[in-house]
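Listed here are the chains, written in short residue letters.
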Amino acid sequence: MSRRVDATGAAMVALAAVGFGLNGPLARAAADVGFNAVTFATWRSIGSVVALAVILAIGVAIGRLPRVALRSISPLEWLQLVAMGFFVAGTTLGLFLSFERSTIALTLILFYTYPIIVAVAAVRIYGEPLGPRRLAAILLASFGMVLVVLGPGATASDGVDILGLLFALGAAACQTGYALVASRGFASVPTFQAATLLRSFSLLVYVLFMIPFIILIGDAERLIGPFDGVDAWVLVVVAGVFSAALPTAGLVAGYRRVGPTRGAVLMLLEPLTGVLLAALWLAERPAPIQLVGGILVLAGAAAVQLAPRSERGAETGPSGR
């Protein structure tokens, strides 16, 4: 295996992390215009499916994006895509529900226990080596992330909401499944087509389970009420395209090129992005210690990319499409 760092795959994951980092501030903005966590997650999912379908259709029409016949996808790959739909829906709902009950910072620190879980699980499931340099890189990046989200004022609130913390941990569990399946699963399905399908399955989760629940509890007004103003439409478009559709495609492609462990560590850029955006949009100013933490996150992400060949083993999954 080549010693060359897959810079393209790393960049794809990093850009996806930045896109997903928009979710916290967007969720807060959505609450201000009348959405709750479930209704905003539903409309964000609709926006992402529409955006991906349009991009895929145009790309296929001009010959720039590949596509396979649906009948050629194996039953196992269909099962993996369906599972990804549940993982995506579970991650999004867990995060948005936690954002409602806790600070963006505290939600993200609990959510980002998942790279450590992925690294350990990949050793067992995929036989990936967890050598000393990679372990040190994970610990360095994780420590930097702790400094970012636990800096002075980052978790100041009236109290700790246990249910909010559980939602964040549930999101971490779903994201672990996402990382492990995305890096090796549905290998015959090109990236944009895979992203469109798994996002479609996540939307199906909302349609079959979440929307009936919203109606049952008498909160249906939150599904359509916010659209009285233009702000709701702007939020749905921005969230659907830039914090869901494009990051999903980039993350699938990136995980396929760099593997679940390196991909999960690079995704530590998401809390860095989320906290910085919260500082700009919500006046949660980062302290110097948080800036130091950001540097450590970047250093850890770079170090795991430069792990020696003996530590990379069989990590790389199917090539990007």
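Look a little higher up for the structure.
What this report covers is the structure whose coordinates are included nearby.

Rules used throughout
- Residues numbered from 1 in each chain as written.
- Predicted model: local features only at pLDDT ≥ 70, side-chain atom pairs only at ≥ 80, totals over all residues.
- Heavy atoms only, no water.
- Core = buried A, V, L, I, M, F, W, Y, C linked by side-chain atoms within 4.5 Å.
- Buried < 20%, exposed > 50% of the residue type's maximum accessible area, 1.4 Å probe, protein only.
- Helix = DSSP H or I, 4+ residues; strand = E, 2+ residues; numbered from the N terminus.
- Contact = heavy atoms within 4.5 Å.
- Polar contact = N/O pair within 3.5 Å; in protein donor to acceptor, adjacent residues only side chain to side chain.
- Patch = residues over 30% accessible without salt bridge, like charges linked within 9 Å, V, L, I, M, F, W, Y side chains within 5 Å.
- Areas by Shrake-Rupley, 256 points an atom, 1.4 Å probe, with all protein chains shown as cover.
- Salt bridge = Lys/Arg side-chain N within 4 Å of Asp/Glu carboxyl O.
- Axes fitted to C-alpha atoms, helices over the stretch in contact; angles between N-to-C directions.
- Parallel < 35°, antiparallel > 145°, perpendicular 65-115°, else oblique.
- Left-handed = near helix turned anticlockwise from the far one by under 90°.
- Nonpolar A, V, L, I, M, F, W, Y, C, P; charged D, E, K, R; others polar.
- Expected span 1.5 Å × (residues − 1).
- Phe/Tyr/Trp six-rings, centres within 6.5 Å; stacked < 30°, edge-to-face > 60°.

### Brief notes about the nonpolar core
As a rule of thumb, nonpolar side chains are buried together in soluble globular proteins.
Here is step 1 of the chain: In terms of nonpolar packing, the biggest core is built from 81 residues, with Tyr114, Tyr178, Phe186 and Met267 touching the most fellow members.
Here is step 2 of the chain: Per-element tally for this core: the top contributor is helix α8 (residues 162-184), with nine residues.
Here is step 3 of the chain: With near-sequence residues (within four places) excluded, Met267 lies in contact with Val13, Ala16, Ala17, Phe20, Tyr112, Tyr114, Leu251 and Tyr255.
Here is step 4 of the chain: In terms of nonpolar packing, the next biggest core, distinct from the first, is built from five residues, Leu52, Ala195, Ala245 and Ala249 among them.

### Observations regarding the environment of Leu272
Here is step 1 of the chain: For Leu272, the location among the structural elements is in helix α13 (residues 269-282).
Here is step 2 of the chain: Since its relative accessible area comes to 15%, Leu272 is described here as buried.
Here is step 3 of the chain: In this structure, the C-alpha to C-alpha distance between Leu272 and Val148, residues 124 residues apart in sequence, is 6.6 Å.
Here is step 4 of the chain: Here Leu272 is in contact with Val148 and Gly294, once residues within four sequence places are set aside.

### Examining the side chain of Ser142
Here is step 1 of the chain: As for its placement among the helices and strands, Ser142 is situated in helix α7 (residues 132-149).
Here is step 2 of the chain: We classify Ser142 as buried; its relative accessible area is 13%.
Here is step 3 of the chain: Among the polar contacts made by the side chain of Ser142, one reaches the main-chain carbonyl oxygen of Ile138 at a distance of 2.8 Å.
Here is step 4 of the chain: The residues touching Ser142, leaving out its near neighbours within four places in the chain, are Ile116 and Leu268.

### Remarks on a nonpolar patch on the surface
Here is step 1 of the chain: The grouping of Ile116, Val120, Val123, Leu130, Leu135 and Leu139 at the surface amounts to a nonpolar patch, some 460 Å² of accessible area in total.
Here is step 2 of the chain: Elements supplying a minimum of two residues to the nonpolar patch: α6 (114-125) and α7.
Here is step 3 of the chain: A per-element tally of the nonpolar patch places α6 first, with three residues.

### Topic: the packing of helix α9 (residues 191-216) against helix α11 (residues 230-258)
Here is step 1 of the chain: α11 packs onto α9 with a crossing angle of 125° between their chain directions and a minimal axis gap of 9 Å. Our classification of the angle between α9 and α11 gives oblique. Every pair of crossing elements has a handedness; the one defined by α9 and α11 is right-handed. Residue-level contacts link Thr191, Phe192, Ala194, Ala195, Leu198 and Arg199 of α9 to Ala244, Thr248, Ala249, Val252, Ala253 and Arg256 of α11.
Here is step 2 of the chain: Of the residues in the contact of α9 with α11, the class split is eight nonpolar, two polar and two charged.

### Observations concerning the pattern of salt bridges
Where charged atoms from two side chains of opposite charge approach closely, those side chains can pair.
Here is step 1 of the chain: Evaluation of the coordinates by the stated rule reveals two salt bridges.
Here is step 2 of the chain: Of the charged contacts, one joins Asp219 and Arg222 as a salt bridge, the two residues approaching to 3.7 Å between their closest N and O atoms.
Here is step 3 of the chain: Take Arg222: its relative accessible area is 34%, and that puts it in the partly exposed class.

### Thoughts on helix α3 (residues 37-61)
Here is step 1 of the chain: Taking 1.5 Å of rise per residue, 25 residues should cover 36 Å, and α3 covers 36 Å from first to last C-alpha, within 8% of that figure.
Here is step 2 of the chain: Between a side-chain oxygen at the N-terminus of α3 and the backbone nitrogen of Val38 the separation is 3.2 Å; the capping residue is Asn36.
Here is step 3 of the chain: Of the residues one or two after α3, Gly63 is the one with positive phi, at around 80°.

### Topic: the packing of aromatic side chains
What describes a pair of aromatic rings is the distance from one ring centre to the other and the angle between the planes of the rings.
Here is step 1 of the chain: Tallying each qualifying case throughout the model produces twelve aromatic pairs.
Here is step 2 of the chain: When the centroid spacing of 4.7 Å and the interplanar angle of 65° are considered together, the rings of Trp43 and Phe227 count as edge-to-face. On the criterion of sequence distance, the pair formed by Trp43 in helix α3 and Phe227 in the loop between α10 (221-224) and α11 is long-range, its members being 184 residues apart.
Here is step 3 of the chain: Look at Trp43 and you get partly exposed, because its relative accessible area is 22%.
Here is step 4 of the chain: The exposure class of Phe227 is buried, given its relative accessible area of 13%.
Here is step 5 of the chain: Geometrically, the ring pair formed by Tyr112 and Tyr114 is tilted, given 5.2 Å between the ring centres and 50° between the ring planes.

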